[in-house]
Amino acid sequence: MFYFRRKGWEVPDSQATDEAIFMSRRRFAKSLAAGSILATAAPAALIAGSGEALAKRVPLTVEGDPSADLYPVIRNPRYKFSREITPAEINASYNNFYEFGSHKSVWKAAQDLKTRPWMVKVDGMVEKPFDIAIDDLLKQVRLEERVYRHRCVEAWSMVVPWSGFPLADLVKLAKPLGKAKYVRFESFHDSGMASGQKAFWYPWPYTEGVTMAEAMNELPFMVTGAYGQPMAKQFGAPLRLALPWKYGFKHIKSIQRVTFTDQRPETFWEKLAAREYGFWANVNPEVTHPRWSQATERVLGSQERVPTQLYNGYGEFVASLYEGMKGEALFK
Ligand SMILES: Nc1nc2c(c(=O)[nH]1)N[C@H]1C(S)=C(S)[C@@H](COP(=O)(O)O)O[C@H]1N2
Ligand SMILES: [Mo]
């Protein structure tokens, strides 16, 4: 099973997931919750996987999440992936989430994130600004699963089965005015809850942004779940963004505000280090980071280092967005 890994970083080729595995995992989780699991009732691998997860105590979802019954959702087969899905335990224990610290085991600290109640504010250049509770938003959209590659600017990558809905659907709900040119996203700001936000030298809250043209592209995905369940806190529950052709730092987590504006949003990393991290952040193996090469990437969950692809391999969907934008720093 891809849900666990006995030792090393090796994942046999046969370990890709599918709907059936999600279903059996879901049933398994439910029977566990009911306290009625028989050792013979579930595949041994699931039991072993669950044991290993418990041993590491890496949460793969939010316990008691009110949206749990919405998952798993059907995978959209349009988005192909050539490598194995990254085992959930690996993904869920190797994260960037500076609100909870700058180390790679922020997953533990991130369990302090309170994901309900969770309001999302939609404002700026829209017909009528509104606030919506995450569970009401979930009722207004159609969830699907998309397996996306995820390439961090730190030159590691994963393959993740996200659940969620297209950003374009949120834009339609928001009804932006014609003069809106950008969508700005903002994470929460609560240093009482998130210990990392006591680090005053960071420009909290975390903010990100895309152009309206990017937002209306089919790829941007508002993520609400991962691995067939409501996503774990460390992934940026209950609402994060996935922009698979851009470096991971654009994939803002735990979104509380979505603002339509005619001003290009300044982003968290741009404010910190504009020389290294820009607004566009499109993946390009030929444009080196000031401190390291972007030519290859370490595939988490395997021993492999593979060549990085232009637009992280999603050029067919997004390259046209940038035609004729020669003067822009599209790749940092
Ligand atoms: N709010 C917030 N969003 C964030 C970050 C963060 O520190 N805070 N880190 C970013 C970075 S650098 C990456 S690579 C991805 C990591 O997502 P993952 O932990 O699901 O792999 O989240 C991005 N979104
Ligand atoms: Mo990143």
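Within any chain, residue numbers begin from 1 and follow the written order of that chain's sequence. A letter from A marks each chain and a number from 1 marks each ligand, given out in the order of writing. The model is predicted, so local features are restricted to residues of pLDDT at least 70 and side-chain atom pairs to those at 80 or more, both for listing and for counting; the totals for chains, interfaces and linings are taken over all residues. To get the side-chain values, all heavy atoms of the structure are used, and hydrogens and water are removed first.

## With respect to the overall build of the protein chain
- Note on conventions: DSSP H or I runs of at least 4 residues are helices, E runs of at least 2 residues are strands, and numbering of each starts at the N terminus. Along the protein chain, the regular secondary structure elements total 9 helices and 12 strands.
- Partly exposed residues are those whose accessible area sits between 20% and 50% of the maximum for their type, while under 20% is buried and over 50% is exposed, using a 1.4 Å probe and protein chains only. Among the 332 residues that make up the protein chain, the fraction classed as buried is 57%.
- Contact criterion: two residues are considered in contact whenever any of their non-hydrogen atoms come within 4.5 Å of each other. Within the protein chain, contacts between residues at least 6 apart in sequence are counted, and of these 72% link residues at least 24 apart.

## So, the packing of aromatic side chains
- Two rings belonging to Phe, Tyr or Trp (six-membered ring only in the last case) form a pair when the distance between their centres is within 6.5 Å. Interplanar angles under 30 degrees mark stacking, angles over 60 mark edge-to-face geometry, and anything in between is tilted. Scanning the model with the defined rule gives 28 aromatic pairs in all.
- A ring pair is formed by F97 and F100, whose centres lie 5.0 Å apart and whose planes are at 80°; its orientation type is edge-to-face. Each member of the pair, F97 as well as F100, carries the same accessibility label: buried.
- With 5.8 Å between their ring centres and 90° between their planes, W162 and F235 make a pair best called edge-to-face. Separated by 73 residues along the polypeptide, W162 in strand β4 (residues 156-166) and F235 in the loop between β8 (229-230) and β9 (240-242) bring together distant segments of the chain. Both residues of the pair, W162 and F235, count as buried.
- An aromatic cluster of at least three residues, connected via ring pairs, comprises Y98, F200, W201, Y202, W204, Y206, F249, F268, W269 and Y277.
- Over a ring means this: the NZ of a Lys or the CZ of an Arg is within 6 Å of the ring centre and within 35 degrees of the ring normal. Over the ring of Y314 we find R149; its NZ or CZ atom is 4.4 Å from the centre of that ring.

## As for the nonpolar core
- Residue types Ala, Val, Leu, Ile, Met, Phe, Trp, Tyr and Cys, when buried and joined through side-chain atoms within 4.5 Å, form a set referred to as a nonpolar core. The biggest cluster of nonpolar side chains holds 92 residues, and the ones touching the most others in it are W162, L167, F185, M222 and F260.
- Counting residues per element, this core draws most heavily on β4, which supplies 6 residues.
- In contact with M222, not counting residues within four places along its chain, are S163, G164, F165, P166, L167, L170, F185, L239, R240, L241 and I255.

## Examining the pattern of salt bridges
- We define a salt bridge as a side-chain nitrogen of Lys or Arg found within 4 Å of a carboxyl oxygen belonging to Asp or Glu. Following the criterion strictly, the structure yields 19 salt bridges and no others.
- Ionic pairing is found between E144 and R146, a salt bridge with its closest N-O pair at 2.5 Å.
- The class of E144 is buried, set by a relative accessible area of 17%.
- R146 sits in the buried class, given a relative accessible area of 3%.
- With a closest N to O distance of 2.6 Å, R291 and E276 form a salt bridge. Taken together, the residues R291 in the loop between α8 (268-273) and β11 (296-299) and E276 in the loop between α8 and β11 connect sequence positions 15 residues apart.

## A short note on the site of ligand 1
- Around ligand 1, the surrounding shell holds 17 residues, and the nearest of these are N95, Y98, E99, H251 and K253.
- Here a polar contact is taken to be a pair of N or O atoms separated by no more than 3.5 Å, where protein atoms must pair a possible hydrogen donor with a possible acceptor and residues adjacent in sequence count only if both atoms sit in side chains. The contact in question runs from an oxygen atom of ligand 1 to an N or O atom on the side chain of N95, over 2.9 Å.
- Contact between ligand 1 and H251: a nitrogen atom at 2.9 Å from a main-chain N or O atom of the residue.
- Amino acids outside the nonpolar list (Ala, Val, Leu, Ile, Met, Phe, Trp, Tyr, Cys, Pro) and the charged list (Asp, Glu, Lys, Arg) are all regarded as polar, and Gly is one of them. The residue makeup of the shell around ligand 1, split by class, is 8 nonpolar, 6 polar and 3 charged. To be near a molecule or strand, a residue needs just one of its heavy atoms within 4 Å of it.

## Quick word on the side chain of H289
- Positionally, H289 belongs in the loop between α8 and β11.
- Polar side-chain contacts of H289 include one of 3.3 Å to the side chain of E276.
- For H289, the side chain forms a polar contact with the side chain of Y277, separated by 3.2 Å.
- Excluding its chain neighbours within four sequence positions, the residues that come into contact with H289 are V153, E276, Y277 and Q294.

## Some remarks on the environment of L177
- Tracing the backbone shows L177 in the loop between α6 (167-174) and β5 (182-187).
- Overall, L177 belongs to the partly exposed group, its relative accessible area being 32%.
- Counting along the chain gives 83 residues from L177 to F260, while the straight-line C-alpha distance between them is 8.4 Å.
- In contact with L177, not counting residues within four places along its chain, are M125, V126 and E127.

## What about the side chain of R151?
- Looking at where R151 falls in the secondary structure, it is placed in strand β3 (residues 144-151).
- The buried category is assigned to R151, whose relative accessible area is 0%.
- For R151, the side chain forms a polar contact with the side chain of Q294, separated by 3.0 Å.
- Separated by 3.0 Å, the side chains of R151 and T308 make a polar contact.
- With sequence-adjacent residues up to four places away left out, R151 is seen in contact with W156, S157, K246, Y247, G248, V283, Q294, T296, E297, T308 and N312.

## A look at α6
- Buried within α6 are the following residues: L167, A168, L170, V171 and A174. In a view along the axis of α6, the buried residues occupy a sector of 155°, so they form one face of it.
- Positive phi appears at K175, one or two residues downstream of α6, with a value of about 50°. Note: the arc covers the axis-to-C-beta directions of the helix.

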